[in-house]
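Residue-level structure breakdown
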Amino acid sequence: MTTLQEAPPAVPAPPGRRAGPAARAAARLAGGASRIVLLVVGLFWLLPTVGLLASSLRGPVDIQQSGWWRVFTEPAQLTLHNYAALLSNDAVTGSLVNTVLITVPATVLVVLVASLAGYALAWTEFPGRDWLFLAVVGLLVVPVQVALIPVSKLFGAIGVFGSITGVVLFHVAFGLPFAVFLLRNFFAEIPRELLEAARLDGAGELRLFLTVVLPLGGPAIASLAIFQFLWVWNDMLVALIFADAGSAPITVALQQQVRQFGNNIDVLSSGAFLSMVVPLVVFFAFQRQFVSGVMAGAVK
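Per chain, residues are indexed from 1 in the order of the written sequence. Note on the predicted model: pLDDT of at least 70 is required for a residue's local features to be given, and 80 or more for side-chain atom pairs to be given and counted; whole-chain, interface and lining totals, by contrast, use all residues. Side-chain metrics in this entry use all non-hydrogen atoms of the structure; hydrogen atoms and water are not considered.

**Focus on the side chain of Arg184**
Mapping Arg184 onto the fold places it in helix H8 (residues 164–187). In this structure Arg184 is buried but unpaired, with Asp130 as the nearest side chain of opposite charge at 5.3 Å. Should any heavy atoms of two residues lie within 4.5 Å, those residues are considered in contact. Aside from chain neighbours lying at most four places away, what touches Arg184 is Gly118, Leu121, Ala122 and Phe133. Helix and strand definitions follow DSSP, with helices as H or I runs of at least four residues and strands as E runs of at least two, each counted in order from the N terminus. Each residue gets one of three labels from its accessible area relative to the maximum for its type: buried under 20%, exposed over 50%, partly exposed in between, using a 1.4 Å probe on protein chains only. In this count, Lys and Arg are taken as positive residues and Asp and Glu as negative ones, while His and the chain termini are left out. In what follows, salt bridge is the name for a side-chain nitrogen of Lys or Arg lying within 4 Å of a carboxyl oxygen of Asp or Glu.

Structure, rendered in C-alpha cells:
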C-alpha cells in the first residue's frame, strides 16, 4: 500500500524591501502640501502675464506714475483705449495679417511633409533609408544662426528675400528635421501586423497612410502642429532678417514701436498681450491632443 508523501512546507515570501529615502520623500510630497507648492509656483509664473494684461489696460500717464498693481486699488484706471489705438494702427494690424500668412503655411507644410517622410522612413524599404534618417538626425544640431547669411544670399538670388515666401521657406526648412524625427519614431511604434492586415485587404501605400497611419498618429501630429505654430508665431530673429517692412510679423512690428525718448509701453503692452492671446487659444483648444501626443508611447 502506497503512502502519500507530505508536501514540502511553503517557503515564506521574502519581506518587502524598506523604502529608500527618495521613495519616502516622494510619498510625503504626494500629499496636499505639494499641491499647494505647485499652485504657488504656477501663480508665480503667471504673475508677469497678469502684469502685462494690467499694463495693457492702463493709460500711458498711469503707467509712468505707478506700478501695474495699482489697478487692484484703483480700478478706474482700466481702459480699452490702448487696444483701440493699437487696432487703428495700420502697421500693427497689417503685421497681424502677415503673422497669420507666415504661421499657417509654415505649420501646414511642416506637418504634411514630415508625415509623409516619417511614414516613408518608418515603413518603406528603399536603399539608403537608414543613412537618410541619420542625416535628418544630424540636421537637428545645426543652429539657425549658421544658415542666416548663406540662406540670405540664396533667397536674394532666387528673388524671395524680404517676402513672406522667404520667411515661410526658412521656417519650413528648419522645422522639418525635428518634425521628421518625431513622427518617424512615432509611426515606427505602430504594430506591423496592423499594416500587413491592411495590405492583405488590398490597401496601397497611400490608402494605408491616409486610413491607418494618420488616424493612429493624430496625437503626435497635433503635438507637432502646436509646437510648430508656437515657434513660428513667436519668432522674431528670422522675420527680422528675411522680412521687409511690408511682410513683417507682429513681433517685428512691436519691436519697431519705440518712441524717440523711450519705449512706447502702452502700445507694446497691449500689442504683446494681443499677440500672446492667439497661441494661448490654440494651445487650450488642442490641449487634449497635445497631452495625448506627449504621453503617447509612455505606457507601451
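**With respect to empty space enclosed by the protein**
If you roll a probe as big as a water molecule over the atoms, it shows you where there is empty space left. Think of a 1 Å grid over the protein atoms and nothing else: a 1.4 Å probe that fits but is trapped marks a cavity, an open set flanked by protein within 12 Å on at least five of seven lines marks a pocket, and residues with an atom within 4 Å of a point count as lining. Grid points are joined across faces, edges and corners, and a volume is the space filled by probe spheres set on the points. Counted by the stated rule, this structure contains 1 cavity of 30 Å³ or more. Put simply, the largest cavity is a space of about 40 Å³. Tallying contributions element by element places helix H5 (residues 90–123) first for the lining of the largest cavity, with 3 residues. Three categories are distinguished: nonpolar for Ala, Val, Leu, Ile, Met, Phe, Trp, Tyr, Cys and Pro, charged for Asp, Glu, Lys and Arg, and polar for the others, with Gly belonging to the last. Residue composition of the lining of the largest cavity, grouped by class: 6 nonpolar, 3 polar and 1 charged.

**What to know about the packing of H8 against helix H11 (residues 218–233)**
Each axis is a line fitted through C-alpha atoms, taken for helices only over the stretch in contact, and angles between the N-to-C directions span 0 to 180 degrees. Close contact between H8 and H11 brings their axes to 10 Å; oriented N to C, the two are set at 160°. It follows that H8 is roughly antiparallel to H11 by the angle criterion. Here the hand of the crossing between H8 and H11 comes out right-handed. Of the residues in H11, those in contact with His171, Gly175, Phe178, Ala179, Leu182, Leu183, Phe186 and Phe187 of H8 are Ala220, Ile221, Leu224, Gln228, Trp231 and Val232. Reported orientations rely on four angle classes, namely roughly parallel under 35 degrees, roughly antiparallel over 145, roughly perpendicular from 65 to 115, and oblique for the rest. Put simply, a crossing is left-handed when the front helix is turned counterclockwise from the back one by less than a right angle, and right-handed when it is turned clockwise.

**Details of the packing of aromatic side chains**
Two aromatic rings from Phe, Tyr or Trp, using only the six-membered ring of Trp, form a pair when their centres are within 6.5 Å; if the ring planes differ by under 30 degrees the pair is stacked, by over 60 it is edge-to-face, and anything between is tilted. The final tally for this structure, using the stated rule, is 12 aromatic pairs. With centroids separated by 5.6 Å and ring planes inclined at 65°, the aromatic side chains of Phe155 and Phe242 adopt a geometry described as edge-to-face. Of the two residues, Phe155 is situated in helix H7 (residues 144–158) and Phe242 in helix H12 (residues 237–242); the sequence distance between them amounts to 87 residues. On the basis of relative accessibility, which here comes to 6%, the residue Phe155 falls in the buried class. Relative to Phe242, the ring of Phe161 has its centre 5.9 Å away and its plane inclined at 65°; by these criteria the two rings are edge-to-face.

**Describing the layout of surface pockets**
Counted as a void, the largest pocket has a volume near 320 Å³. Surrounding the largest pocket, 16 residues form its lining, Val144, His171, Phe174, Gly175 and Trp231 being those nearest its centre. Contributing elements (two or more residues each) for the lining of the largest pocket: H8, H11 and H12. Top contributing element to the lining of the largest pocket by residue count: H8, with 6 residues. Partitioned by chemical class, the residues of the lining of the largest pocket number 12 nonpolar, 3 polar and 1 charged.

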